[in-house]
Amino acid sequence: MTGVAVVGAAETTQLGKIPDLSQIQLHADAALNAMADAGLKAKDIDGIATAGSRPTDLAHYLGITPTWVDGTAVGGCSFMLHVRHAVAALNSGQCSTVLITHGESGRSGIGREGFARAPASLSGQFEMPYGPMGPPTLFTLPVLRYMKDYGMRPEQLAMVAVVQRQWASMNPRASFQELITVEDVLASKMIAYPFHLLECCLVTDGGGALILTRADRAEDFPQPPVYISGTGESVETPMISQMQDLTSSRAFSVAGPAAMADAKITHSDVDHLMVYDAFAHLPIYGLEDLGFCKRGEAPDFIWAQNTAPGGSLPMNTNGGGLSYMHSGMYGMYAMQESVRQIRGTAAAQVNDVNISLCLGVGGMFGAAGCVVFAKEPG
Amino acid sequence: MTESLRTLPVPTPETQHFWDGTRDGELRLQQCSDCQHTYFPPRPFCPQCSSRDVRILVASGRGTLESYVINHRPHKAFDGPYAIALVALEEGPRMMSNIVGCEQTPEALQLDMPLQVTFEDTGSDIHLPMFTPTGASS
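Residues numbered from 1 in each chain as written. Chains lettered and ligands numbered in written order. Predicted model: local features only at pLDDT ≥ 70, side-chain atom pairs only at ≥ 80, totals over all residues. Heavy atoms only, no water.

### Regarding the overall build of chain B
And step 1. Each helix and strand counted, chain B has one helix and eight strands in total.
And step 2. Counting from the amino terminus, chain B carries its helices and strands in the arrangement α-β-β-β-β-β-β-β-β.
And step 3. Taken over C-alpha atoms, the radius of gyration comes to 16 Å for chain B, in line with the 14 Å a tight globule of 138 residues would show.
And step 4. Considering only C-alpha atoms, chain B reaches an extent of 45 × 35 × 25 Å along its principal axes.
And step 5. Within the span of chain B, comprising 138 residues, buried residues form 47% of the whole.
And step 6. Across chain B, the fraction of contacts at a sequence separation of at least 24, relative to all contacts at a separation of at least 6, is 51%.
And step 7. Taken as a whole, chain B presents about 6400 Å² of accessible surface, with 48% of it coming from carbon and sulfur.
And step 8. Charged side chains of chain B number 10 positive and 17 negative; the gap between the two group centres comes to 6 Å. (Helix = DSSP H or I, 4+ residues; strand = E, 2+ residues; numbered from the N terminus. Rg over C-alpha atoms; globule rule 2.2 N^0.38 Å. Buried < 20%, exposed > 50% of the residue type's maximum accessible area, 1.4 Å probe, protein only. Contact = heavy atoms within 4.5 Å. Areas by Shrake-Rupley, 256 points an atom, 1.4 Å probe, with all protein chains shown as cover. Lys, Arg positive; Asp, Glu negative; His and termini not counted. Charge placed at Lys NZ, Arg CZ, Asp CG, Glu CD.)

### A word on the overall build of chain A
And step 1. Looking only at helices and strands, one finds 13 helices and eleven strands in chain A.
And step 2. Here the C-alpha radius of gyration of chain A, 19 Å, is about what a compact globule of 378 residues would show, namely 21 Å.
And step 3. By principal-axis analysis of the C-alpha atoms, chain A measures approximately 55 × 45 × 35 Å.
And step 4. Each of the 378 residues in chain A was classed as buried or not, and the buried ones make up 63%.
And step 5. Contacts in chain A between residues at least 24 apart in sequence constitute 73% of all its contacts with a sequence separation of at least 6.

### Description of the side chain of His 272 of chain A
And step 1. Relative to the helices and strands, His 272 of chain A is located in strand β9 (residues 272–275).
And step 2. Discounting residues that sit within four places of it in the chain, His 272 of chain A has contacts with Pro 314, Thr 317, Glu 337, Ser 338, Gln 341, Val 353, Ile 355, Ser 356 and Leu 357 of chain A.

### Focus: the interface of chain B and chain A
And step 1. Counting residues at the interface gives 38 residues for chain B, matched by 36 residues for chain A.
And step 2. In total, chain B and chain A occlude about 3100 Å² of area from one another, counting both sides; carbon and sulfur atoms represent 63% of this.
And step 3. Of all residues in chain B, Arg 73, Arg 94 and Met 96 of chain B give up the largest surface area on contact with chain A, accounting jointly for 23% of the area buried on that side.
And step 4. Between chain B and chain A we count two salt bridges in total.
And step 5. The shortest N-O distance in the salt bridge between Lys 148 of chain A and Asp 112 of chain B comes to 2.7 Å. (Buried area = accessible area lost by both parts, 1.4 Å probe. Salt bridge = Lys/Arg side-chain N within 4 Å of Asp/Glu carboxyl O.)

### Things to note about the pairing of strand β4 (residues 62–71) of chain B
And step 1. The buried count for β4 of chain B comes to eight of ten residues, which makes it a mostly enclosed element.
And step 2. Sheet topology note: the strand β5 (residues 190–193) of chain A/β4 of chain B ladder contains two bridges and is antiparallel. Among the inter-strand pairings, Tyr 193 of chain A is bridged to a residue of β4 of chain B, identified as Ile 70 of chain B.
And step 3. Here β4 of chain B runs beside strand β5 (residues 82–89) of chain B; their pairing, made up of eight bridges, is antiparallel. Within β5 of chain B, the residue paired with Val 69 of chain B across the bridge is Ile 84 of chain B. (Pairing = 2+ DSSP bridges.)

### A short note on the pattern of salt bridges
Proximity of charged atoms lets side chains of opposite charge pair with each other.
Residues and elements named next belong to chain B.
And step 1. Per the counting criterion, the structure on display carries 21 salt bridges over all chains.
And step 2. The closest approach of N and O atoms between Glu 120 and Arg 6, which form a salt bridge, is 3.6 Å. Here Arg 6 lies in the segment before α1 (16–23) and Glu 120 lies in strand β7 (residues 114–121), a separation of 114 residues in the sequence.
And step 3. Measuring nitrogen to oxygen at the nearest pair gives 2.9 Å for the salt bridge that ties Glu 66 to Arg 94. Placement of Glu 66 in strand β4 and of Arg 94 in strand β6 (residues 94–97) is noted, with a sequence separation of 28 residues between them. For the pair formed by Glu 66 and Arg 94, the shared burial category is buried.

### Some thoughts on helix α7 (residues 154–168) of chain A
Residues and elements named next belong to chain A.
And step 1. Its 15 residues give α7 an end-to-end C-alpha distance of 22 Å, which sits within 8% of 21 Å, the value for a rise of 1.5 Å per residue.
And step 2. Counted residue by residue, α7 has twelve buried out of 15 residues, so it is predominantly covered.
And step 3. The elements touched by buried residues of α7 are α6 (143–150), α8 (182–187), β6 (195–196), α10 (282–289), α11 (298–303) and α12 (320–323). (Expected span 1.5 Å × (residues − 1).)

The structure is reproduced here in structure tokens:
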């Protein structure tokens, strides 16, 4: 137990295509919704963290005078790292109420800051000349190695998307809700062999925000607290070509077990799992690097419907980045779903979720953040 | 020759020796004089033991195809689908590259196939290391 709890959580009012809001307003819309959820105003917030935009911009825009600021930006899991850093800040008394925001005009590109690789950076010199075109051609690069080493079939990779669509079909806010088959996935457009369109995440607009306080104050807020039970973080490399092992994420392997040790839980304690799924192979790597499956066994585990509705380990129950939404930095939405599942307010609610483990990735296997959420203070 | 439409590297003081090497037909890695670790990409210290006592090691240019994707979206520097590859060098390090002198298909691109380095003149003082299947006509 970390002694910290989530007392406010919300996404933007709309998700999907939001051309009438700029990126900073997506942050603000989510922040205002989270403040309303917690019964707070900006003047009540004294700690702010964000990625994708500068915390300076957000504090000024929202009217916050912080005593604690975190601009850690390691990609889509940055918000998990913010939670971990906020735990330390709240416990050391550097602030009392932390707001973590995300907003991204990923689809509409309104007021979005670019993230081109400088041609003098290492990836600019040693990756970009060979023609990568963003995550679909980089994040996907290790998978053929995994397929050969462990005998994963294309149908098994496709099943990840099929299962997540089952969850999305129960979620009215999901971008895609129509059920699909393995055949549909394999017949969808080839993006970067061996990845088809339906094995790649969406590109949408949206945002989300969390408000954290010390657990001893958490009962004073309108919503039942969701306790932060444990956290972990790590980084590996900004270059996918330099991963230590193409079949495993070192950052996952550090951050996940660290969070579980911090929470003093074992795998059997986990009722609900979120694994950031920018592409269909991420849940496979996540299940193995977290230790839920042995090496090479996650494809069979997913194929056997263990992570599907009614399965033993419900995973990515909002539909995930493949079907729910993916603005570019998806980690915030994964945590929002963990909070909803603990609160009992998810669209596809799982029975009796006491512990939810949420694993995020940053960059292309470049970073990881892991947060264990709990219903009880421990 | 016409200048390449690729995104070209801008060398830094720490990487200049690599790009000087490709122009001279050499694939230059680095090796630590203290712990003998061979590494890439370039930096003037050993990422394994932090020693600054490192030297250039000219690689054999031999490697194997460790993984790849075939990008199907159009890119101005390529005609049709093309492979972005990860090559495991004989000396240990891995690097991204393209596979040339070979069909860009899953059938032609078999994992673990042996490769040999070749250098492509981009027409702007940069020569990029690429790889061709060993024994392929070039």
